[in-house]
Amino acid sequence: MSTAVLEKNQYAATAKPRHIVCEGNEAAALAVAMVRPDMISVYPITPQSSLVEHLAKLVADGRMDAEIVDAEGEHSVLSVLQGASLAGGRTFTATCGPGLAFMFEPYFRTSGMRLPIVMALVTRDGITPQSVWGGHQDAMTVREVGWVQMYCETVQEVLDTTIMAFKIAEHHDVMLPVNICLDGNYLSFGAARVTLPEQAEVDAFMGQTDVNWHAALDPLRPMAVDPLTGGSGGKGPATFVRYRKGQCRGMQNALRVITEVHEEYAARFGRAFAPLVERYGMEDAEFALMTLGSMTGAAKDAVDEARAAGKRVGIVKIKTFSPFPIEALVKALAGIKAVGVVDRSVAFRWNCGPMFQETQGVLYRLGYHVPAASFIGGLAGADITVEHFHRVIEQTEALLRAPAPTEPIWINESD
Amino acid sequence: MSTHRAYPMFDPAKSGVPDDLCPIATEMSPMLPGDWRSMRPIVDRDKCVKCAVCWLYCPVQCIVERPAWFDIDLRTCKGCGICATECPHRAIVMVAETTE
């Protein structure tokens, strides 16, 4: 852990952009400090632990005026934040893997109560087999729980996306909890240069906290929050449907708001990230790879080399996985003749990767047949290297001439 | 149930909050334990010596003090029978609630 960047005068006003070198967990913690949360509740779990340590130090050093609640477990962590959010506070937590599993009951309830709680999900592969290493299995397991989930590619994107996540979550047309997914090991501990935004600019960008206008623990506005809706035979199920449709409406609104907030952020801070889907080398591409998270860096290097060698290949990277950016993907993949989808987790039911599984629905909307292959790599912290991606490019190119495989291709199987 | 209310209940329609966000209730519809109790405690005043053991043990605090005995507030008594079990003078018996 670097301590230099945690000195008290770090945020002292200066005209120059400030660059530091830090790991993704620290970048997330610094971003959280900049949005001035009221309450943080956390429980440490690998590979998220150093994020908790950075947050605790920021508070201990007097650089973040937030309450930190060291709850006895993740179930309590998120329950504490539900109360804080209903009381009007801006809230943050971070977890992964087994911690997320222990958090599941309040995790589901948070999206239903439309509480704009922000959580860094330092993605970790699913146990068992025992593993404390990176993978997307934890985030993918909870992709149908009504949280917005954005996957970051770089440490800088972790910092900027964490700031944007609060603005997206708290937007009145969204009012949903947001996960910033940063790859365990590769982004959590990977150190890189990041540019810190100015505190005054972040303050202006965020505006006032207004998170409990719709439901509150407030003696001046008495109400019962999250009551039983009632059973069949009465109005209960219809009431339930109304709220479920509201969640779906919020998720669809999020696609627009995520795009708007990314544009506003780029205009103010000068750093632009693709909000939903990034197209790389897709202008004249005949076939494409699809990637998610930090693996994209190696994929871009491989694609650069392949394009230099005359292959017409591009990359479609998904940043926002939930809500699934269907329209953006239809646009990005239109005209493509073959797709290789690289996942860092498993869709057990379909015997493929989850992103591949969901992409099949998008390919159907293209109106013509696109051969596609599912690649699964990077499980349990395995590296997906540029060499691996060259093999993925070859195997995806082969789909232009030969039938697509019916089983997934396991990238690190023979490492 | 206390009728004291310092502020009117929140009205989402008046405040312009959409009705498909966080589920909230703004009308009281209380159900007290006495509404679903299946066993009712009966105090034998001749046996009660006001030792207050029932008062100490009652999990819902429904024991009410009278001049010469302890009685039960049947609105909040859930009929658990702990008072009858703990009473050292066997002054409380549980009888089945019957349908009206």
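A brief report on the enclosed structure follows. Quick caveat: nothing in here was measured; it's all calculated off a predicted structure.

Focus: the overall build of chain A
Stage number 1. Tallying secondary structure elements over chain A gives 13 helices and 16 strands in all.
Stage number 2. For chain A, the C-alpha radius of gyration of 21 Å lies close to 22 Å, the compact-globule estimate for 415 residues.
Stage number 3. For chain A, the spread of C-alpha atoms along the three principal axes comes to 70 × 65 × 45 Å.
Stage number 4. Split into buried and exposed, the 415 residues of chain A put 51% on the buried side.

Things to note about the overall build of chain B
Stage number 1. Counting its regular elements, chain B contains three helices and five strands.
Stage number 2. Relative to the 2.2 N^0.38 estimate, which gives 13 Å for 100 residues, the radius of gyration of chain B is 19 Å and therefore markedly larger than a compact globule would have.
Stage number 3. On the principal axes, the C-alpha backbone points of chain B span a range of 60 × 30 × 25 Å.
Stage number 4. For chain B, with 100 residues in total, the buried portion stands at 18%.
Stage number 5. Counting contacts in chain B only where the partners sit at least 6 residues apart, residues at least 24 apart contribute 63% of the total.

Side note on the interface of chain B and chain A
Stage number 1. Facing twelve residues of chain B, the contacting portion of chain A comprises 21 residues.
Stage number 2. Grouping the amino acids of the side of chain B that touches chain A by side-chain chemistry returns nine nonpolar, one polar and two charged.

Observations regarding helix 1 (residues 24–34) of chain A
All names here are of chain A.
Stage number 1. Summarising burial for helix 1: eleven of the eleven residues are buried, a large majority.
Stage number 2. By the burial criterion, the buried members of helix 1 are Gly24, Asn25, Glu26, Ala27, Ala28, Ala29, Leu30, Ala31, Val32, Ala33 and Met34.
Stage number 3. Following helix 1 by one or two positions, Arg36 adopts a phi angle in the positive range, close to 55°.

Observations regarding the packing of helix 10 (residues 296–308) of chain A against helix 13 (residues 386–397) of chain A
All names here are of chain A.
Stage number 1. Contact pair helix 10 / helix 13: the axes reach a minimum separation of 8 Å and the direction vectors enclose 60°. By the criterion of interaxial angle, the relationship of helix 10 to helix 13 is oblique. The way helix 10 lies across helix 13 gives a crossing that is right-handed. Across from Ala298, Ala299, Asp301, Ala302 and Ala306 in helix 10, the residues of helix 13 making contact are Val386, Phe389, His390 and Ile393.
Stage number 2. Counted by class, the contact of helix 10 with helix 13 contains seven nonpolar, one polar and one charged residues.

A short note on the environment of A:Arg114
Stage number 1. Relative to the helices and strands, A:Arg114 is located in the loop between helix 5 (104–112) and strand 5 (118–123).
Stage number 2. According to the C-beta neighbour criterion, A:Arg114 is buried, with 25 such atoms within 10 Å.
Stage number 3. Remark: the alpha-carbon pair of A:Arg114 and A:Gln149, spanning 35 residues in sequence, is separated by 15 Å.
Stage number 4. Those residues within four positions of A:Arg114 in sequence are excluded, and the remaining contacts are A:Met175, A:Leu176, A:His214, A:Gly250, B:Leu21 and B:Cys22.

Analysis parameters
Residues numbered from 1 in each chain as written. Chains lettered and ligands numbered in written order. Predicted model: local features only at pLDDT ≥ 70, side-chain atom pairs only at ≥ 80, totals over all residues. Helix = DSSP H or I, 4+ residues; strand = E, 2+ residues; numbered from the N terminus. Rg over C-alpha atoms; globule rule 2.2 N^0.38 Å. Buried ≥ 20, exposed ≤ 12 C-beta atoms within 10 Å, placed from the backbone. Contact = placed C-beta atoms within 7 Å. Nonpolar A, V, L, I, M, F, W, Y, C, P; charged D, E, K, R; others polar. Axes fitted to C-alpha atoms, helices over the stretch in contact; angles between N-to-C directions. Parallel < 35°, antiparallel > 145°, perpendicular 65-115°, else oblique. Left-handed = near helix turned anticlockwise from the far one by under 90°.

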